[in-house]
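An overview of the molecular structure
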Amino acid sequence: MTAARLPRMTTSRSPLPLLGGLAPDAFMKRYWHKRPLLIRQAIPGFSAPLSREALFALAAQDDVESRLITHARKRWQLDHGPFDIDALPPLTRKQWTLLVQGVNLHAPAVDALMQRFRFIPDARLDDVMISYASDGGGVGPHLDSYDVFLLQAHGKRRWRIGAQRDTTWLDDVPLRILKNFEAEEEWVLEPGDMLYLPPGYAHDGVAEGECMTYSIGFRAPLEQEMLQNFLYYLAENAADLPFARHFAGRYADPKQPAVKHPAALPDAMIDTLISQLERVRWGQKEVEDFLGRWLSEPKSHVFFDPPEKPLSTSRFVHEVSTRGVTLSAKTQLLYRRNRYFVNGEPLEVPISARSTLRILADQRELDAAECADFEQKDQEIVEILYDWYASGWLLLGPDAKGVRKLRAVRKKAG
Ligand code: SIN
Ligand code: CO
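Residues numbered from 1 in each chain as written. Chains lettered and ligands numbered in written order. Predicted model: local features only at pLDDT ≥ 70, side-chain atom pairs only at ≥ 80, totals over all residues. Heavy atoms only, no water.

Named according to an unreviewed UniProt entry, the protein is Cupin originating from Pandoraea oxalativorans. Within the UniProt record for the protein, the comment given under Cofactor (unreviewed entry) is "Fe(2+)". (UniProt positions renumbered as here; feature names shortened; annotations may be inferred.)

Right, here's the structure in full:
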């Protein structure tokens, strides 16, 4: 499989086989958040880049989220990983499924697959979950709050879907399973076929023989969650934000009279706080700063692997100018105009480094040619990249196929 690290702007109007020949623009207008789309052979001749055994090995790691769902005699059971291989049911047992979250963080080929969906902003792309199911396995009819692309990777799965409004859940089951699922359409997906579902669309996928399905999932925080987190940000950064200049030191009450009711809250204290709150201000800058930090923050179970023996800076510059660099699949690099955010941290970027960082953020890699003149003039970009390399956020060397493909598309796009 080839990686396609294409910045959105070069591809949004060209038909993508991945979307059944629709251009990303057309897909977003007609289907995204609106209606399901079945794409036969979205990836022609697709063969799962990760074997069943490799997936089971990931489910045994404690930095990987996994769940096991078994269904027998109308009973559903949910267990959380990590799972040693011998904790999984035998392959010959029917109706069980193993779900492994965030596989893109651990398997480069799966990360490369996820990159194909970057016609949608990184801030919205979440992860690739891979499910392995034995014959008859599935997670039951349900709906998700997020959009999802369900790519069949191995074997066959029968999907039934419906636009129902009835969201009554089965009682006494550890999973959200729809009580009154009514399917309106039904297909059997084979390797390379893909089904897009908008949020809230009921679906039920049942394996026909053993199968593996890749769910390319999206991130849609609750509005309440966004607001709460912004308020935490304001609170945490209050001392550094412009309204801090109104802070007047410690509360004082020179006019406080003697009281008959000592337990009553004093008016002056309430009034002081209200007038302080009226001075709290935020604007576009604070909102952008918050979103950049928050959305680029790695999930709690993500750990980076710094190089055991980092190269010296000069050796690093030499290597980079011959091999290029790639962001680690775990790194989130976002930007808004001239402000950059990497793995939860805002970054002061000198003017000289901005254009290179922007290319790196959109492509997720720089080829050797793009790093060739670092030695002569780009001290600032070298400092940033070396720091990321030493933290395990950036890796030496290209994804050659991805870079070559990008060059070809760029040339075509002029
Ligand atoms: C699965 O792959 O079994 C479940 C995916 C989903 O329904 O979202
Ligand atoms: Co689902």
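More follows now that the structure is in view.
Some remarks on the site of ligand 1
With respect to spatial proximity, the complete set of residues near ligand 1 consists of Met129, Ser131, His142, Asp144, Leu150, Arg157, Trp159, His203, Thr213 and Ser215. One nitrogen or oxygen atom from the side chain of Asp144 is found 3.3 Å from an oxygen atom belonging to ligand 1. When isolated, ligand 1 has an accessible area of 260 Å², and the protein chains bury 94% of it. Of all the secondary structure elements, the ones that give two or more residues to the shell around ligand 1 are strand E5 (125-133), strand E6 (148-162) and strand E9 (202-218). Of the residues that constitute the shell around ligand 1, the class distribution is three nonpolar, five polar and two charged. (Near = heavy atom within 4 Å. Polar contact = N/O pair within 3.5 Å; in protein donor to acceptor, adjacent residues only side chain to side chain. Areas by Shrake-Rupley, 256 points an atom, 1.4 Å probe, with all protein chains shown as cover. Helix = DSSP H or I, 4+ residues; strand = E, 2+ residues; numbered from the N terminus. Nonpolar A, V, L, I, M, F, W, Y, C, P; charged D, E, K, R; others polar.)

Here's the deal with the pairing of strand E4 (residues 96-100)
For E4, a buried count of five out of five residues is recorded, marking the element as mostly surrounded by other parts of the structure. The alternating pattern of E4 places Trp96, Leu98 and Val100 on one face and Thr97 and Leu99 on the opposite face, and all of these are buried. Judged from the five bridges that link them, strand E2 (residues 66-72) and E4 form a sheet pairing that is antiparallel. Paired with Ile69 across the bridge in E4 is Thr97. In this sheet, E5 lies alongside E4 in antiparallel orientation, the contact comprising four bridges. Opposite Val100, over in E5, you have Ile130 as the bridge partner. (Buried < 20%, exposed > 50% of the residue type's maximum accessible area, 1.4 Å probe, protein only. Pairing = 2+ DSSP bridges.)

Re the side chain of Asp122
Mapped onto the fold, Asp122 is located in the loop between helix H4 (108-115) and E5. The buried category is assigned to Asp122, whose relative accessible area is 15%. Here the side chain of Asp122 touches Arg118 through a polar contact of 2.8 Å, side chain to side chain. Each residue touching Asp122, except ones within four places of it in the same chain, is listed here: Gln332, Leu333, Leu334 and Ala361. (Contact = heavy atoms within 4.5 Å.)

Quick look at the domain arrangement of the protein
As far as domains go, the protein holds domain 1 (17-218) and domain 2 (313-413). With centres defined by C-alpha atoms, the gap from domain 1 to domain 2 works out at 33 Å. Of the residues lining the interface, eight residues belong to domain 1; the matching set on domain 2 comes to nine residues. Interface of domain 1 and domain 2: buried area, both sides summed, is about 620 Å²; carbon and sulfur atoms make up 46% of it. The largest share of the area that domain 1 buries against domain 2 comes from Leu105, Arg118 and Asp122, three residues that together contribute 60% of it. Run the count over domain 1 and domain 2 and you get zero salt bridges. If you look at where domain 1 meets domain 2, you find two residue pairs in polar contact (both at pLDDT 80 or more). When grouped by side-chain class, the residues that make up the side of domain 1 that touches domain 2 number two nonpolar, three polar and three charged. (Domains from an automatic or database assignment. Buried area = accessible area lost by both parts, 1.4 Å probe. Salt bridge = Lys/Arg side-chain N within 4 Å of Asp/Glu carboxyl O.)

Describing the nonpolar core
Core analysis: the biggest nonpolar cluster contains 46 residues, and Phe27, Val103, Phe119, Ile130, Phe149, Tyr214 and Ile216 have the highest contact counts within it. Residues Val325, Leu333, Leu366 and Cys371 belong to the second largest nonpolar core, which totals 27 residues. (Core = buried A, V, L, I, M, F, W, Y, C linked by side-chain atoms within 4.5 Å.)

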